[in-house]
Amino acid sequence: MSSKHHHHRGGLELSGSKSFVSKKWTFFLCIGFFCAGTLFSDRMWPEPEANVVSREALDERLHLVSEDCDSSKKSLKLESKDSLGEAYKSPDAIQTLDKTISTLEMELAAARAAQESIMNGSPVSDDFKLPETATRRKYLMVVGINTAFSSRKRRDSVRATWMPPGEDRKKLEEEKGIVMRFVIGHSATPGGILDRAIQAEESKHGDFLRLDHVEGYLELSAKTKSYFTTAFALWDADFYVKVDDDVHVNIATLGAELARYRMKPRVYIGCMKSGPVLAQKGVRYHEPEYWKFGEEGNKYFRHATGQLYAISRELASYISINQNVLHKYVNEDVSLGSWFLGLDVEHVDDRRLCCGTTDCEWKAQAGNMCVASFDWSCSGICRSADRMKDVHRRCGEGPNALLAASF
């Protein structure tokens, strides 16, 4: 029994010696396999020779960059402070910046006007190609004289009185910064007899500003918008003036009056009125959109009468940029006034811009020269083609006023 047990035990030991490795050999085998694996890995996948930066070197480099940034910031702050200080001290620097902004705004306005012409299928006028002098030169004012195809005699009466002719007009632009043009669009049939007549007149006098606009009495609001947009694109002026061709104007007095408001960014100058809103059809100045102004019998908001008014450069820019969304009422002076509602605009009510043809003479004799004169009953000088010379003789500022003027 004991003998059998011993034999069985011996069999177990024999079987164990064949199936299992001793702990000593296991330890040596593990070390061997580890060494062999390491050797195999080094040969099969060599480690790339990377340009490894030590932490000490990296910290040093970051420190140097930080110092450079700090010194650059200090230098930049000092430069900025010095530059701003110089700018504040130098009116020329501010003026240069203002001219740069003006040029960019002019180019934007010209591009918008050209784009609108293309979208409407109209050819782009040569007037929209900005002359180099126009982008650099600063003018006091642009005076646009609103006229019509049938007003040839009126235009001749203006040329013979308060608008300098030919070379004198060009000299006025160069020396005084005053631009004067008759403003007109084209007929419903471009290239027809009416347009050819204006072209012949332009060839003789060279004093027209042609608009991409179809002429018509009910289109005066659109014409006014087109005038300010076009004039703003062509000339960088402090003020843009609109006047009718049956009104007498003293240009030197107008220039002196506007120059007083040069520091005002948004100014609207004219004879302010607030007439009744006429709802009845068939009457002059009927307002088709009378219901927008409240109850029947109400009056318009304050706006400058249409015979003559002036707006500052910033307002002309506003009209140019927003021309496609500005609403047009049938009366152009109402339209202009409505465009400035809600804006921070200074309204200047200047009664010298609307003298009568009977009182302008004694005012001139008293030393209170009128800017503009006309007859309220005719919304202009009655029979202006015949009477303009007489009004000019009695109420004009004299032939040397423009030459002696300094703005």
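Because the structure is predicted, anything quoted here is derived from the model rather than measured.

Visitor: Hey, could you run me through the overall build of the protein in this one?
Guide: When helices and strands are tallied, the protein shows 15 helices and nine strands. Looking at the protein residue by residue over its 407 residues, the buried ones come to 41%. A separation threshold of at least 6 residues defines the contact pool for the protein, and within that pool the share at least 24 residues apart is 76%. Of the accessible surface of the protein, which amounts to about 24500 Å², a share of 56% is contributed by carbon and sulfur atoms.

Visitor: Would you explain the state of the cysteines in this entry?
Guide: Where two cysteines share a covalent bond between their sulfur atoms, that bond is called a disulfide. Counted according to the given criterion, the structure contains four disulfides. With a sulfur-sulfur separation of 2.1 Å, Cys 355 is cross-linked through a disulfide to Cys 370. Judged by the sign of its S-S torsion, about -90 degrees, the bond between Cys 355 and Cys 370 is left-handed. Of this pair, Cys 355 sits in the loop between β8 (346-349) and α13 (360-365) while Cys 370 sits in the loop between α13 and β9 (372-373); the two residues are 15 residues apart in sequence, bridging distant segments of the chain. Judged by relative accessible area, Cys 355 falls into the buried class, the value being 3%. Across the disulfide from Cys 360 sits Cys 395; the S-S distance is 1.8 Å. In this structure, the disulfide formed by Cys 360 and Cys 395 twists by about 50 degrees around the S-S bond and is classed as right-handed.

Visitor: Can you walk me through the layout of surface pockets in this structure?
Guide: To find leftover empty space, a probe the size of one water molecule is rolled over the atoms. In this structure, the largest pocket occupies an estimated 880 Å³ of space. Taken together, 34 residues make up the lining of the largest pocket; nearest its centre are Tyr 217, Leu 220, Asp 244, Arg 284 and Tyr 285. Looking at the lining of the largest pocket, the elements with two or more residues in it are α9 (220-234), β4 (236-244), β7 (303-312) and α12 (332-339). Looking at the lining of the largest pocket, the element that brings in the most residues is β7, giving four residues. The residue makeup of the lining of the largest pocket, split by class, is eleven nonpolar, twelve polar and eleven charged.

Visitor: Which parts of the structure should I look at to understand the sheet that holds strand β1 (residues 138-146)?
Guide: Hydrogen bonding along the main chain pairs the strands of a sheet, whether they run parallel or antiparallel. Strand order in the open sheet formed by seven strands is β3-β2-β1-β4-β7-β6-β8, and the pairing between neighbours is mixed. The sheet is open, and its two edges are formed by β3 (208-214) and β8, each paired on a single side. Geometrically, the sheet is characterised by an average inter-axis angle of 25 degrees between neighbouring strands, direction not taken into account. Where β1 lies against β4, eight bridges are found, and the strand directions are parallel. Considered in β4, the bridge of Lys 138 is made with Asp 236. Against the sheet, helix α6 (residues 152-159) contacts β1, β2 (178-186) and β3, and its axis sits at roughly 175 degrees relative to β2. Relative to β3, helix α8 (residues 193-205) is tilted by about 160 degrees, and along the sheet it contacts β2 and β3.

Visitor: Explanation requested: the environment of Phe 374 in the structure shown.
Guide: Relative to the helices and strands, Phe 374 resides in the loop between β9 and α14 (384-395). The sequence separation of Phe 374 and Met 388 amounts to 14 residues, and the corresponding C-alpha distance is 9.7 Å. Excluding residues within four positions of it along the chain, Phe 374 makes contact with Val 247, Gln 307, Leu 353, Cys 354, Cys 355, Gly 356, Thr 357, Ser 379, Gly 380 and Ile 381.

Visitor: Explain the nonpolar core here, please?
Guide: Grouped burial of nonpolar side chains is what soluble globular proteins tend to show. Membership of the largest hydrophobic core comes to 45 residues, with the highest contact counts inside it found for Met 141, Trp 162 and Ile 269. Every element with two or more residues in this core is listed here: β1, β2, β4, α10 (251-259), β6 (267-273), β7 and α14. In contact with Met 141, not counting residues within four places along its chain, are Gly 177, Ile 178, Val 179, Ala 237, Phe 239, Val 241, Ile 251, Leu 254, Gly 255 and Leu 258. Membership of the second largest hydrophobic core comes to 27 residues, among which are Leu 211, Tyr 268, Tyr 309 and Leu 336.

Visitor: Would you take a moment to explain empty space enclosed by the protein for this structure?
Guide: Scanning the entire structure with this criterion turns up two cavities of 30 Å³ or more. By volume, the largest cavity amounts to about 90 Å³. In terms of lining, the largest cavity is formed by Gly 144, Asn 146, Val 183, Leu 220, Lys 223, Thr 224, Tyr 227, Lys 242 and Glu 332. Put simply, the parts of the chain that give the lining of the largest cavity at least two residues each are β1 and α9. Top element by residues in the lining of the largest cavity is α9. It accounts for four residues. Split by residue class, the lining of the largest cavity holds three nonpolar, three polar and three charged. Here the second largest cavity is characterised by a volume of approximately 40 Å³. As for the second largest cavity, its lining consists of Val 277, Ala 279, Tyr 290, Phe 293, Gly 294, Glu 295, Glu 296, Gly 297 and Asn 298. The class makeup of the residues in the lining of the second largest cavity is four nonpolar, three polar and two charged.

Visitor: Would you mind showing me how to read the side chain of Glu 173 here?
Guide: Here Glu 173 shows up in helix α7 (residues 166-176). Judged by its relative accessible area of 12%, Glu 173 falls in the buried class. Setting aside its immediate chain neighbours within four residues, Glu 173 contacts Arg 137, Tyr 139, Ile 178, Val 179 and Arg 181.

What counts, and at which threshold
- Residues numbered from 1 in each chain as written.
- Predicted model: local features only at pLDDT ≥ 70, side-chain atom pairs only at ≥ 80, totals over all residues.
- Heavy atoms only, no water.
- Helix = DSSP H or I, 4+ residues; strand = E, 2+ residues; numbered from the N terminus.
- Buried < 20%, exposed > 50% of the residue type's maximum accessible area, 1.4 Å probe, protein only.
- Contact = heavy atoms within 4.5 Å.
- Areas by Shrake-Rupley, 256 points an atom, 1.4 Å probe, with all protein chains shown as cover.
- Disulfide = S-S within 2.5 Å.
- 1 Å grid on protein atoms, 1.4 Å probe; cavity = no way out; pocket = protein on both sides within 12 Å on 5 of 7 lines; lining within 4 Å.
- Points joined across faces, edges and corners; volume = space filled by probe spheres on them.
- Nonpolar A, V, L, I, M, F, W, Y, C, P; charged D, E, K, R; others polar.
- Pairing = 2+ DSSP bridges.
- Axes fitted to C-alpha atoms, helices over the stretch in contact; angles between N-to-C directions.
- Core = buried A, V, L, I, M, F, W, Y, C linked by side-chain atoms within 4.5 Å.

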